[in-house]
Amino acid sequence: QVQLVESGGGLVQDGGSLRLSCAASGNIFSLNNAGWYRQAPGKQRELVAHVTIEGTTTYGDSAKGRFTISRDNAKKMLYLQMSSLKPEDTAVYYCNAHLTTWDDLRYEDEYWGQGTQVTVSS
């Protein structure tokens, strides 16, 4: 069974740091384009950061300059290093990725993790 599982969320103080991880598991050949999204109560889900398989990164306005997305293609892992956290960063953070399985190397499917809660106290 193919899955994305986030970890690393928790409660931190204003100005603190967290490192989120997303592990892809199953019959996976490659983790392709992937990213992090977040959703706060009453708000739309928004892009936090995105990275292509080639390593090209894109950041949402709120994340630029504070967050860094990275990946480990061999381990099929995705990371988000978060620093200078603010209360407004409080949200559920979701891992999103396009995965290619060994079943058919010509195609990819989109997957979402279940999310990990990040809470920043003031």
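By convention here, each chain's residues receive numbers from 1 onward along its written sequence. Reporting in this predicted model follows two pLDDT cut-offs: at least 70 for local features of residues, and 80 or more for side-chain atom pairs to be given and counted; totals over whole chains, interfaces and linings ignore these cut-offs and use all residues. Computation of side-chain values: all heavy atoms of the structure, hydrogens and water removed.

Secondary structure elements are taken from DSSP: a helix is a run of H or I of four residues or more, a strand is a run of E of two residues or more, and numbering for both begins at the N terminus. Assigned secondary structure in the chain consists of zero helices and eleven strands. Traced from its N-terminal end to its C-terminal end, the chain shows the element sequence β-β-β-β-β-β-β-β-β-β-β. We compute the radius of gyration from the C-alpha atoms alone; for a globule the expected value is 2.2 Å times N to the 0.38, where N is the number of residues. For 122 residues, the compact-globule estimate of 2.2 N^0.38 gives 14 Å, and the C-alpha radius of gyration of the chain, at 14 Å, lies within 12% of that figure. In terms of its C-alpha atoms, the chain occupies a principal-axis envelope of roughly 50 × 25 × 25 Å. Per-residue accessibility, obtained with a 1.4 Å probe over protein chains only, is compared with the maximum for each type, and a residue is labelled buried under 20%, exposed over 50%, and partly exposed between these values. Counting every position in the chain, which comprises 122 residues, the buried fraction comes to 41%. Here, residues are in contact when the closest pair of their heavy atoms is within 4.5 Å. When contacts within the chain are restricted to residue pairs at least 6 apart in sequence, those whose partners lie at least 24 apart make up 58%. By the counting scheme adopted, Arg and Lys are positive, Glu and Asp are negative, and His together with the chain ends is not counted. Working definition for charges: the position is that of NZ of Lys, CZ of Arg, CG of Asp or CD of Glu. Each charge class in the chain was averaged separately, 11 positive and 13 negative side chains, and the resulting centres sit 5 Å apart.

For the rest of this paragraph, the subject is the nonpolar core. Counting residues in each nonpolar core, the largest one holds 28 residues, and the members touching the most others are W36, L80, M82 and Y93. At the level of elements, β3 (18-25), β4 (28-39), β5 (46-51), β7 (67-72), β8 (77-82), β9 (91-101) and β11 (116-121) are the ones that each hand at least two residues to this core. With five residues, β9 is the single largest residue contributor to this core. The contacts of M82, once residues within four sequence positions are left out, are G16, S17, L18, L20, R66, F67, Y93 and V118. Nonpolar cores are built from buried Ala, Val, Leu, Ile, Met, Phe, Trp, Tyr and Cys residues. Side-chain atoms within 4.5 Å join them into one set.

With that settled, consider the state of the cysteines. Throughout, disulfides are identified as pairs of cysteine sulfur atoms within 2.5 Å of each other. The full count for this structure, using the stated rule, is one disulfide. Disulfide pairing places C22 opposite C95 at an S-S distance of 2.0 Å. Between C22 and C95 the disulfide shows an S-S torsion of about -80°. By sign, it is left-handed. Taken as a pair, C22 in strand β3 and C95 in strand β9 lie far apart in primary sequence, 73 residues in all. One exposure class covers both C22 and C95, and it is buried.

Here we take up the pattern of salt bridges. Salt bridges, as used here, are contacts in which a Lys or Arg side-chain nitrogen is within 4 Å of a carboxyl oxygen on Asp or Glu. On inspection of all chains with the given rule, the structure shows four salt bridges. A salt bridge links R38 to D89; the nearest nitrogen and oxygen atoms lie 2.9 Å apart. Of the two residues, R38 is situated in strand β4 and D89 in the loop between β8 and β9; the sequence distance between them amounts to 51 residues. As far as burial versus exposure is concerned, R38 and D89 are alike and both buried. With a shortest N-O distance of 3.0 Å, D104 and R106 are connected by a salt bridge. Each of R38, E46, R66 and D89 takes part in one network of salt bridges that share partners.

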